[in-house]
Amino acid sequence: MKPGQKVKKAESLNEIQIQKENFDKKQEGKIVWMYFRQYRYTALMFLIYIGIFAFVFSLYNLETEAVLYAAGLCIIVTSVVLFLHIFFYKRKHKQRLEILKNIQIPGQTLPAADTLAEADYQEMVRELEYICAGNMTQWQRERQESLDYYTTWVHQIKTPISVMRMTLQSEDTDEHRELLSQLFRIEQYVEMVLSYLRLGSETSDFVIQEYKLDDIIREAIHKYASIFVRKRIRLSYEPPECTVLTDEKWLLFMIEQILSNAVKYTKEEGTVTITVTPELVLKIADTGIGIASEDIPRIFEKGFTGYNGRADKKSTGLGLYLCHMAAEKLCHEISAESEAGKGTVFSINLKREELEVFS
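What you are looking at is a predicted structure, and each value in this text was computed from that prediction instead of being measured.

What counts and how
- Residues numbered from 1 in each chain as written.
- Predicted model: local features only at pLDDT ≥ 70, side-chain atom pairs only at ≥ 80, totals over all residues.
- Heavy atoms only, no water.
- Helix = DSSP H or I, 4+ residues; strand = E, 2+ residues; numbered from the N terminus.
- Buried < 20%, exposed > 50% of the residue type's maximum accessible area, 1.4 Å probe, protein only.
- Contact = heavy atoms within 4.5 Å.
- Areas by Shrake-Rupley, 256 points an atom, 1.4 Å probe, with all protein chains shown as cover.
- Axes fitted to C-alpha atoms, helices over the stretch in contact; angles between N-to-C directions.
- Parallel < 35°, antiparallel > 145°, perpendicular 65-115°, else oblique.
- Left-handed = near helix turned anticlockwise from the far one by under 90°.
- Nonpolar A, V, L, I, M, F, W, Y, C, P; charged D, E, K, R; others polar.
- Pairing = 2+ DSSP bridges.
- Phe/Tyr/Trp six-rings, centres within 6.5 Å; stacked < 30°, edge-to-face > 60°.
- Salt bridge = Lys/Arg side-chain N within 4 Å of Asp/Glu carboxyl O.

## Section: the overall build of the protein chain
Check the secondary structure of the protein chain and you find 10 helices and 7 strands. When each of the 359 residues of the protein chain is scored for burial, the buried share is 27%. A fraction of 69% describes how many contacts in the protein chain between residues 6 or more apart in sequence connect residues 24 or more apart. Only carbon and sulfur atoms are counted for the fraction: they give 60% of the accessible area of the protein chain, which is about 25,400 Å².

## A look at the packing of helix 8 (residues 248–265) against helix 10 (residues 319–329)
At their nearest, the axes of helix 8 and helix 10 sit 9 Å apart, and the two run at 150 degrees to each other. Taken together, the axis directions place helix 8 and helix 10 in an arrangement best described as roughly antiparallel. Crossing handedness for the pair helix 8 and helix 10: left-handed. On helix 10, the residues that touch Trp250, Phe253, Met254, Gln257 and Asn261 of helix 8 are Gly319, Leu320, Leu322, Cys323, Ala326 and Ala327. Grouping the constituent residues of the contact of helix 8 with helix 10 by class yields 8 nonpolar, 3 polar and no charged.

## What about the sheet that holds strand 7 (residues 343–349)?
Sheet architecture is open: 5 strands sit in the order 2-4-5-7-6, paired in mixed fashion. Of all the strands in the sheet, just strand 2 (234–237) and strand 6 (333–339) have a single pairing partner and so form its edges. Across this sheet, the average inter-strand angle for adjacent strands is 10 degrees, counted without regard to direction. Pairing of strand 2 with strand 4 (residues 271–276) involves 4 bridges; the strand directions are parallel. Bridge pairing in strand 4 places Leu235 opposite Val272. This element, helix 6 (residues 213–223), spans strand 2, strand 4 and strand 5 (281–286) of the sheet and lies at about 175 degrees to strand 2.

## A short note on the packing of aromatic side chains
Scanning the entire structure with this criterion turns up 11 aromatic pairs. Ring geometry for Phe87 versus Phe88: centroids 5.4 Å apart, planes at 75 degrees, classification edge-to-face. By way of ring pairs, the aromatic residues Tyr35, Phe36, Tyr39 and Tyr89 are connected into one cluster.

## Re the pattern of salt bridges
Per the counting criterion, the structure on display carries 13 salt bridges. Where Lys223 meets Glu191, a salt bridge forms, and the shortest distance between an N and an O atom there is 3.0 Å. In this pair, Lys223 sits in helix 6 while Glu191 sits in helix 5 (residues 174–200), placing the two residues 32 residues apart along the sequence. Under the relative-accessibility criterion, Glu191 is labelled partly exposed at 31%. The salt bridge partner of Glu269 is Arg232, with a shortest N-O separation of 3.7 Å. Residue Glu269 is found in the loop between helix 8 and strand 4, and its partner Arg232 is found in the loop between helix 7 (225–230) and strand 2; the two are separated by 37 residues along the sequence. Classification of Arg232 by relative accessible area gives partly exposed; the value is 48%. Residues joined in a network through salt bridges with shared partners are Asp172, Asp174 and Arg177.

Honestly, that's just the spatial picture; any functional story needs more than this.
What follows is the structure in structure tokens.
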């Protein structure tokens, strides 16, 4: 590192330290202000009592020195008590903030209640925690039952789909090819249901390890090969010689969803290009109808279909949303660039940070 870089880094660290100190001072001032705000009526009564004593002392013509001496002692004692009370007030506030940081950990001990009202509130919190835990357990059980049901349903419906596929493949006609195409879409939607439930589940079936990227891409291409042929779409693909740290099944799911959109919105005799950059960014480009510029920021939102989806009237708005969810769980980054009428490029950044191990 150059000396100039070290100086800049030190200056930035000093700025961060100064900002942190200023923030801490603001927080301290805010706590003290909240303290006096909370006990403002007590302070008001104290001032009223001082006024009453001063008025009574003036009626009896007491010596000013004696009155001032007593007042000075009261002020000293009050200051000490006030300082200690603010100190414990701030410490208790910090204890509550620590509990708030780990609020999801059950069974945490709350600070001892100083007032009856605080004890009542703590009892309410414990009761709410008990109710929330019961609701969470019931929700997890119902969700698992729903997942089990749909998993069974998906596996069961695959049997009649396979029978229909075999029946349609027995005779090569235009009608059968069209029916096979529609049957393929049914299979996609069935798999999407299961993927949607699995991604939304707190438990996952991710298996993170090194995989050959070429094997995953080839599997996705093989799945859509018949559609490429039927629509006479040209595929440009150069096999990469690299491995990626990912989950094979979910990365395959993401590539399949992007390819599905590519072949769906690319006209006949168009082109789909798959490339991998040296920085391990997988790019899938097509020469389809593209995406409207105002729709690009929202294409990964749940249920958003955009102009093209509304025109097609068959888009669910779930495919890219699930891709985004899977990418987040795998710590990959997915993005899109497009120009209406010229095509779209989806990018999946598969680069991982190198970890340094210090002995």
